[in-house]
Amino acid sequence: MRPDFLKGIRFTDLTWAGAGPFGTKVFSDFGAEVLKIETMSRPDPVRLGGPFRDGIAGTNRSGYFASRNTGKKSIALDLKQAEAREIALKLIAQSDVVSNNFGPGAMERLGLTYEECRKAKPDIIYLSMPMYGEDGPLANLLGVGMTIAAVTGMMWMTGYGRGEAPIGPGTHFPDHAANPYHAAFAVLAALRHRRMTGRGMKIDLSQVESTTNFVGPNVVEAAIHDREPEHTGNRSRRDAPHNVFRCAGEDAWCAIAVESDAEWLALAATIGRQDLAARPDLRSAAGRLAAMAELEAAVGAWTASRGATDAARTLQTAGVPAARVSSARDLVEEDEQLAARGYWQRLDHPELGRSVFTSPPFRIDGERLELERPPLFGEHTEEVLTRLLGMSRDEIAGLAERKILA
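Source: prediction; values computed, not measured.

Chemist: Before we move on, can you summarise the sheet that holds strand β1 (residues 10-13) with the specific residues and values?
Modeler: In space, the six strands of this open sheet follow the order β3-β2-β1-β4-β5-β6, with parallel pairing throughout. The sheet terminates laterally at β3 (73-76) and β6 (201-204), the two strands that pair on one side only. Neighbour-to-neighbour, the strand axes of the sheet open up by a mean angle of 20°, direction not taken into account. Across the sheet, helix α8 (residues 172-197) lies against β1, β4 (97-100), β5 (125-128) and β6, angled at about 165° from β6, the strand it touches most.

Chemist: Quick rundown of the side chain of histidine 380? Include the residues and the values.
Modeler: Structurally, the position occupied by histidine 380 is in the loop between β11 (353-358) and α18 (381-389). With sequence-adjacent residues up to four places away left out, histidine 380 is seen in contact with Lys72, Lys73, Ser74, Ile75 and Pro375.

Chemist: Describe the sheet that holds strand β9 (residues 322-324), listing the residues and the values that go with them.
Modeler: What the three strands build is an open sheet, ordered β7-β8-β9; its pairing is antiparallel. The sheet is open, and its two borders are formed by β7 (242-246) and β9, each paired with just one other strand. Strand after strand, the sheet turns through a mean of 20° between neighbouring axes, direction not considered. Across three bridges, strand β8 (residues 253-257) lies against β9 in antiparallel orientation. Among the inter-strand pairings, cysteine 254 is bridged to a residue of β9, identified as arginine 324. Helix α15 (residues 308-317) contacts β8 and β9 of the sheet and is inclined by roughly 160° relative to β9.

Chemist: Mind laying out the nonpolar core, listing which residues take part and the relevant values?
Modeler: In this structure, Leu14, Leu77, Leu79, Ile87 and Leu112 are the most contacted members of the largest nonpolar core, which totals 30 residues. The leading source of residues in this core is helix α4 (residues 82-93), at six residues. Those residues in contact with leucine 79, other than ones at most four positions away along the chain, are Leu14, Ile37, Ala84, Arg85, Ala88, Leu110 and Leu112. One finds Phe11, Val34, Val97 and Met129 within the second-largest nonpolar core, a separate group that totals 28 residues.

Criteria and thresholds
Residues numbered from 1 in each chain as written. Predicted model: local features only at pLDDT ≥ 70, side-chain atom pairs only at ≥ 80, totals over all residues. Heavy atoms only, no water. Pairing = 2+ DSSP bridges. Helix = DSSP H or I, 4+ residues; strand = E, 2+ residues; numbered from the N terminus. Axes fitted to C-alpha atoms, helices over the stretch in contact; angles between N-to-C directions. Contact = heavy atoms within 4.5 Å. Core = buried A, V, L, I, M, F, W, Y, C linked by side-chain atoms within 4.5 Å. Buried < 20%, exposed > 50% of the residue type's maximum accessible area, 1.4 Å probe, protein only.

The following block contains the structure:
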């Protein structure tokens, strides 16, 4: 079923690329009407960036775009034109939220500042998501998820050890966790505030600030000790063995994370190393950390002769935290827990065909959310302008002819 938790809430959504659309997707998936305003004069980069279904490029064939825009309605509207701006303001007048993740100054150039939007809808909730916020000495610097991961220190945290270069998490945490969910939470709080007071709100969400929440302990450590925290790869500075171990087969690995003395004894017994279990120096986390290389060699020798799934299940049964390191294909085709949760959904799409989508990782009142497919470019333009603004087909055709709807 499609939960109606947010039914009756409407967004005029100007976000594009990663973090913004992923944040507004929370609302479209749970029943809000999200009107995605876009134009082919400057298209959403992920529409054109792939990966494309069957390797064939096309405006409506990007898996990246599709996964971040389920349930939304696409309105073709070139906001660089004055008539388009007036249409946007009329849509905003019938919306609860207007959202963007542009750099500072972009909404001013479009004539869609918070002040202008408030004139159209006095209690509007206005979400802005620039990299460094709308003001301050760094406000004019622009960036994407990779940039944000670098400037917050997240990139530095993901190297394998002292003296080795950082690897980085890509765009995943800034674009798909920290910023979209901070934004969604802020909008939900603003909607509640409006319900209680009748007043709207402007939300200025600095993506750098919200991502910094993910690296808080490292920031505090650096401030206290005046040094850069050391990156540790898959190891832990508190526990051992705590790493990813090669298993039998091609590129097969098992993650193991011992976090207590009892788990250590269970691991030692499982891998047949009672000699290690009997050693007094290994009966504390500090002792095991001091012997990390020796313990990793012992565990690695055991996992090397087993498949990753078999190793993980054997250890789990013994009470040792462990999991196979899975590829995307493994997760879709073989992960029993995700299958039991109904996490993967298959939707039909006019150009993507039948494709796999991820469900939200949470439920409301225990209900599994049934997703709706992502939109084709401009698919809902006529329907929305007719329903919300009362435009006739002739008016809409005239706007399209003048490239206002393009």
